[in-house]
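Fold and contact review
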Amino acid sequence: MSRTGIGVLTVRPLDPVQDSGLLHGWVTHPKSAFWMMQGAKLHDVEREYMAVAASEHHHAHLGLHDGEPAFLMENYDPRHVELVGLYEPEPGDVGMHFLVAPTDTPVHGFTRAVITTVMRHLFADPATRRVVVEPDVRNTAVHALNEAVGFVAEREIQKPEKRALLSFCTRERFEAAVGAAV
């Protein structure tokens, strides 16, 4: 749980059957273009998150803002998912994706509060030493957010679906960026 100036943010495990209708609306929205599921049908989203739920190396969580669904968070083991063969993982590396629900009434500072909550959640596990992200190189908004919470871009990589900016954030860099110990 994270108390912020905009309310309370929490995360819970995603239920792929129960939550897929909600997620479908989020991942197919034009504002979610970098999620690359624009043409997905409801059954595609359910199947995708059933596969995540069945994986021991990939996990999905639904983020809540004052108890209401507001964001999606995924974490994965980059030794087995997403980045296999694209960089040399270190012990304690955890991969991360997040998506803030599209809204017509954005709240100033909300997305930064979400990524901070996601990072706190990941670093709450003492085994997590470094968070790894691989956003699309064109997604300059998320690059700025990543940098604001301590990520350092290492290099561009070519994934099958996109050109990505491989970036890392250590616990120490995160704590320095947000001004508090995890």
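Residues numbered from 1 in each chain as written. Predicted model: local features only at pLDDT ≥ 70, side-chain atom pairs only at ≥ 80, totals over all residues. Heavy atoms only, no water.

**Overview of the overall build of the protein**
What the protein contains, in helices and strands, is five helices and eight strands. For the protein, the N- to C-terminal ordering of α and β elements is β-β-α-α-β-β-β-α-β-α-β-β-α. A globule of 182 residues ought to have a C-alpha radius of gyration of about 16 Å, and the protein, at 15 Å, matches this closely. Its C-alpha atoms put the protein at 40 × 40 × 30 Å along the principal axes. The burial tally for the protein puts 46% of its 182 residues in the buried class. Pairs at least 24 apart in sequence give 60% of the contacts found in the protein among residues at least 6 apart. A total of about 9300 Å² of accessible surface is found on the protein, and carbon and sulfur atoms cover 54% of it. If you average the places of the 17 positive and of the 24 negative side-chain charges in the protein, the two averages end up 4 Å apart. (Helix = DSSP H or I, 4+ residues; strand = E, 2+ residues; numbered from the N terminus. Rg over C-alpha atoms; globule rule 2.2 N^0.38 Å. Buried < 20%, exposed > 50% of the residue type's maximum accessible area, 1.4 Å probe, protein only. Contact = heavy atoms within 4.5 Å. Areas by Shrake-Rupley, 256 points an atom, 1.4 Å probe, with all protein chains shown as cover. Lys, Arg positive; Asp, Glu negative; His and termini not counted. Charge placed at Lys NZ, Arg CZ, Asp CG, Glu CD.)

**Comments concerning the nonpolar core**
Ranked by size, the top nonpolar core spans 24 residues in total, and within it Met-96, Phe-98, Val-114, Val-118, Met-119 and Phe-151 carry the most contacts. Secondary structure elements with two or more residues in this core: strand E4 (68-76), strand E5 (93-100), helix H3 (110-123), strand E6 (130-133) and helix H4 (140-148). At eight residues, H3 tops the list of elements feeding residues into this core. In this structure, Phe-151 is in contact with Met-96, Met-119, Val-131, Val-132, Val-133, Asn-146, Ser-167, Phe-168 and Cys-169, ignoring residues within four places of it in sequence. Core analysis: the second largest hydrophobic core is formed by 16 residues, Trp-26, Leu-64, Leu-72 and Leu-99 among them. (Core = buried A, V, L, I, M, F, W, Y, C linked by side-chain atoms within 4.5 Å.)

**Description of the pattern of salt bridges**
All chains considered together, the criterion is met by twelve salt bridges. A salt bridge links Asp-19 to Arg-12, with the shortest nitrogen-to-oxygen separation between them at 3.0 Å. With a relative accessible area of 5%, Asp-19 lands in the buried category. Since its relative accessible area comes to 29%, Arg-12 is described here as partly exposed. For the salt bridge of Lys-162 with Glu-134, the shortest nitrogen-to-oxygen distance reads 3.3 Å. Here Lys-162 is found in the loop between strand E7 (152-158) and strand E8 (163-170), whereas its partner Glu-134 is found in the loop between E6 and H4, with 28 residues between them in sequence. No difference in accessibility class separates Lys-162 from Glu-134, as the two residues are buried. A network of salt bridges, in which partner residues are shared, links Glu-82, Glu-134, Lys-159, Glu-161 and Lys-162. (Salt bridge = Lys/Arg side-chain N within 4 Å of Asp/Glu carboxyl O.)

**Observations regarding the packing of aromatic side chains**
Applying the stated criterion across every chain yields a total of two aromatic pairs. With centroids separated by 5.4 Å and ring planes inclined at 55°, the aromatic side chains of Tyr-87 and Phe-168 adopt a geometry described as tilted. Here Tyr-87 is found in the loop between E4 and E5, whereas its partner Phe-168 is found in strand E8, with 81 residues between them in sequence. Residue classification places Tyr-87 among the buried positions, given a relative accessible area of 9%. For Phe-168, a relative accessible area of 8% translates into the label buried. (Phe/Tyr/Trp six-rings, centres within 6.5 Å; stacked < 30°, edge-to-face > 60°.)

**Some words on the pairing of E7**
Relative to E8, E7 runs antiparallel, the two being bridged by six bridges. Pairing of Gln-158 across the sheet is with Arg-163, part of E8. (Pairing = 2+ DSSP bridges.)

**Structural notes on the confidence of the model for the protein**
Chain-level statistics for the protein give a pLDDT mean of 92 and a share of 97% at 70 or above. In the model of the protein, strand E1 (residues 2-4) stands out as the element of lowest mean pLDDT, 62, in contrast to E6, which has the highest, 98. (pLDDT = per-residue confidence, 0-100.)

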